[in-house]
Structure formats: C-alpha cells, structure tokens
Amino acid sequence: MTDWAAKIEELTFRRNAVILVHNYQVESVQLAAGHLGDSLGLSRVAAEVEADVIVFCGVKFMAETAKILSPRKTVLLPRLDAGCPMADMITLDDLRHLKARYPDATVVTYVNSSAEIKAESDVCCTSANAVEVVRNVEGRRVIFVPDRNLGAWAARQVPEKEVILFEGYCYVHDRIRREEVEAARKAYPGAEVLVHPEAPMEVLELADAVCSTGGMLRHVAASPAREFVVATEEGLLERLRRENPHRSFFSAGRPKICSNMKRTSLGDVVAALELNRYEIEIDVETIRGAQVALRRMLDYAG
Ligand code: 13P
Ligand code: SF4
C-alpha cells in the first residue's frame, strides 16, 4: 500500500510547499493539510505564507484567489475538474450589464467567482464577512454577485442598503429544504441548528446561527450544546465529529455532498507536487484588478 502521507511530507519539504485544504475536502486530504479552513482563512494564509509552492485542495476559484494574492508563488490545483458551478453562473457581460444599469452601485463579489469577475469588482467577500462588507462599503446601493442566497442574507442584516441580486446559487446548499431542518429539529430537540448562508432564506430563518464553515467551527467551540444539526457540506461535519468526539453532529436530511470538492485524493496531491500540475496562470492585468478587490476583502473581519 502506498504511504501517501510520507510521500507528501517528503515532497512538501523538497519543494518548500504548503498544502491548503478546504473544510469540504475528503477526510484523508483534510488530514494531510498544512492549513485546513474556510475560504476566508485560507485566503489569509495564501496571502502571507512563506513557501514557494501552494497546493490548493479545494476548487478552482480558491486556487485562483491564492494566485492573485501571492502571484509570485507557484499555485497548484491537483484536479483540473474541481470547479464551482456557482462561479461559472455569471459572465463578464452579465456583470457589465448590471454595472451599466446601476452606475452608482458598489460591486460586492463573493469569492466563489472567476478571476475576471473579481477584476471587475470593487470588493470581494466570503460567507464569513459578506454582511460586514455590505454594511461597510461606501454608498447606499450594492450589486451583489453571484450568490442570490448569500446576497439576500446580507441584505436582510443590513436594511439601510439596497442590494441588487444576481441569480446564481450553490447547487448543494440551495437544495436544502425547510422541511428537512424542521424534521431534524423534531428528531433532535436539544440540538442547535447551524446553517450555511448559501442556503435559501426559508432555511436560514430556521437557524440558531448562520455561519461560514469556519464560523460553525468557532460557534461549536464556544457553545455549551451537546448536539448540533449542521446544514452544510458533509466534509465539515466530518471535521466537527473528529475534533469534538464527545458531541453529536447531524445532517439536515440526507448528507449534502459537493462532488467537485470530493474529487481530490491524496494521489492527486502527490502527482501535483511531482509533476507540478495543474499550475494556475492568470494574466497580469486580471491579477492587478482582482488583487485590489481581494485585498479590500482581507480588511474585513470574519
Ligand atoms: P466557506 O464557508 O468555507 O467560505 O465555504 C463555502 C463554500 O461553499 C466554498 O465553496
Ligand atoms: Fe461551489 Fe457549492 Fe461546491 Fe462550494 S459547495 S464549491 S459553492 S458548488
């Protein structure tokens, strides 16, 4: 049997590499992480880490974000087919149309978007700081792309802003139904209900807390509860169970799986380091524009 862990350790040392892993990755990859976290936390690491090579185990927009924030580093995405369907839902034309229609609006772009869309934006956000960003950007009107659910959630928390939404969504979270959460509440009456803000409003309204994956980890650490219903991708539940063995975590209905997030294996990580694949390349102009929007995002807490 191949000892992937030993191989990865040797290769990361040889290449002066760091392995960044999102909370939705399969458990074996989570366990190989140099840093394991949510989109915002991993962006912060990517911007600051001392390494020649970043291997990003997540989806393409995350590896692109790392490249934009650290353009001199080699950034590798172990699976070329690990994309985020939500990021592909908006085109440059869509965004330019919105900007022409609402010229006074500030464009707030969820990081789940392409580098080109980020470069056309004023500021980026993640699910951890979307509310904070919408609240604090200049002006009364905001164009929020591409996630309609996260945008609607932020708009509800910040009624003083007018938020123009785009019709993008995450196919994993958008499918979560009110009835699933209600049934889980009935089955586990003592449990706290945590919901990711990519879910629809009817589900968010039932939550005890609405948070990013990193926010869920922090919420659980600070909570006295013993049981939790967690409405997000299953990888995060695996991490919660591993790190909190004396507490119980239940999915809201059937486990939610992002197939894109599950593509990367330890073998892919080894191949990435051995063969230098798949290297993220973004043209200088796009990097320059997107970097401004991403650097602004890093100024907001979350
Ligand atoms: P975070 O909550 O970790 O930012 O991730 C949400 C997500 O869906 C990333 O694709
Ligand atoms: Fe994209 Fe949703 Fe998968 Fe996150 S969970 S990568 S938003 S499809």
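Predicted model only: the values in this text are computed from it and were never measured.

Draft legend 1. Quick look at the overall build of the chain. What the chain contains, in helices and strands, is 14 helices and twelve strands. Since a compact globule built from 302 residues should have a radius of gyration of about 19 Å, the 19 Å found for the chain is in line with a globular shape. The principal-axis extents of the C-alpha atoms in the chain amount to approximately 50 × 50 × 30 Å. Roughly 13,100 Å² of accessible area belongs to the chain as shown, and the carbon and sulfur atoms make up 49% of that amount. Looking at charge distribution, the chain has the averaged site of its 38 positive side-chain charges lying 1 Å from that of its 44 negative ones.

Draft legend 2. Representation of the site of ligand 1. The immediate surroundings of ligand 1 are formed by 13 residues, with His22, Ser39, Ser127, His196 and Thr213 found nearest. Within the side chain of Ser127, a nitrogen or oxygen atom sits 3.0 Å from an oxygen atom of ligand 1. Thr213 is positioned with one of its side-chain polar atoms (N or O) 2.6 Å from an oxygen atom of ligand 1. Burial of ligand 1 by the protein amounts to 96% of the accessible area it has alone, namely 300 Å².

Draft legend 3. Looking closely at the pattern of salt bridges. The tally for this structure, following the rule as stated, stands at 23 salt bridges. In this structure, Arg148 engages Glu167 in a salt bridge whose closest nitrogen and oxygen atoms are separated by 2.8 Å. Taken as a pair, Arg148 in helix 8 (residues 148–157) and Glu167 in the loop between strand 8 (162–165) and helix 9 (178–187) lie far apart in primary sequence, 19 residues in all. You can call Arg148 partly exposed: its relative accessible area is 21%.

Draft legend 4. Structural context of the environment of Tyr278. Along the polypeptide, Tyr278 turns up in the loop between helix 13 (266–275) and helix 14 (284–298). Each C-alpha atom of the pair Tyr278 and Thr106 lies 34 Å from the other, and the pair is 172 residues apart in sequence. Residues within four places of Tyr278 in sequence aside, it is in contact with Val75, Leu76, Leu77, Pro78, Arg79 and Leu80.

Draft legend 5. Representation of the packing of aromatic side chains in the model. Applying the stated criterion across every chain yields a total of two aromatic pairs. Aromatic side chains Phe228 and Phe249 sit 5.3 Å apart centroid to centroid with 10 degrees between the ring planes, which places their arrangement in the stacked category. Of this pair, Phe228 sits in strand 11 (residues 227–231) while Phe249 sits in strand 12 (residues 248–251); the two residues are 21 residues apart in sequence, bridging distant segments of the chain. The class for Phe249 is buried, based on a relative accessible area of 4%.

Draft legend 6. Quick peek at the nonpolar core. Counting 84 residues, the largest nonpolar core has Leu20, Ile54, Phe56, Val108, Phe144 and Val230 as the members making the most contacts within it. When neighbours within four sequence positions are excluded, Val230 is seen to be in contact with Leu194, Met216, Leu236, Leu237, Leu240, Phe249, Phe250, Ser251 and Ala252. Leu11, Ile19, Val29 and Cys57 belong to the second largest nonpolar core, which has 15 residues in total.

Draft legend 7. The arrangement of empty space enclosed by the protein in detail. The tally for this structure, following the rule as stated, stands at two cavities of 30 Å³ or more. There is about 250 Å³ of room inside the largest cavity. As for the largest cavity, its lining consists of 26 residues, of which Tyr24, Asn112, His173, Glu198 and Met261 are closest to the centre. Looking at the lining of the largest cavity residue by residue, the classes come out as 13 nonpolar, ten polar and three charged.

Draft legend 8. Fine view of the site of ligand 2. All residues in the neighbourhood of ligand 2 are listed as Tyr24, Val59, Cys84, Pro85, Met86, Asn112, Cys170, Tyr171, Glu198, Cys258 and Met261. Put simply, ligand 2 lies in the largest cavity. Among the residues making up the shell around ligand 2, the classes are represented as nine nonpolar, one polar and one charged.

Conventions and cut-offs
Residues numbered from 1 in each chain as written. Chains lettered and ligands numbered in written order. Predicted model: local features only at pLDDT ≥ 70, side-chain atom pairs only at ≥ 80, totals over all residues. Heavy atoms only, no water. Helix = DSSP H or I, 4+ residues; strand = E, 2+ residues; numbered from the N terminus. Rg over C-alpha atoms; globule rule 2.2 N^0.38 Å. Areas by Shrake-Rupley, 256 points an atom, 1.4 Å probe, with all protein chains shown as cover. Lys, Arg positive; Asp, Glu negative; His and termini not counted. Charge placed at Lys NZ, Arg CZ, Asp CG, Glu CD. Near = heavy atom within 4 Å. Polar contact = N/O pair within 3.5 Å; in protein donor to acceptor, adjacent residues only side chain to side chain. Salt bridge = Lys/Arg side-chain N within 4 Å of Asp/Glu carboxyl O. Buried < 20%, exposed > 50% of the residue type's maximum accessible area, 1.4 Å probe, protein only. Contact = heavy atoms within 4.5 Å. Phe/Tyr/Trp six-rings, centres within 6.5 Å; stacked < 30°, edge-to-face > 60°. Core = buried A, V, L, I, M, F, W, Y, C linked by side-chain atoms within 4.5 Å. 1 Å grid on protein atoms, 1.4 Å probe; cavity = no way out; pocket = protein on both sides within 12 Å on 5 of 7 lines; lining within 4 Å. Points joined across faces, edges and corners; volume = space filled by probe spheres on them. Nonpolar A, V, L, I, M, F, W, Y, C, P; charged D, E, K, R; others polar. Sits in = over half its atoms within 2 Å of the grid points.

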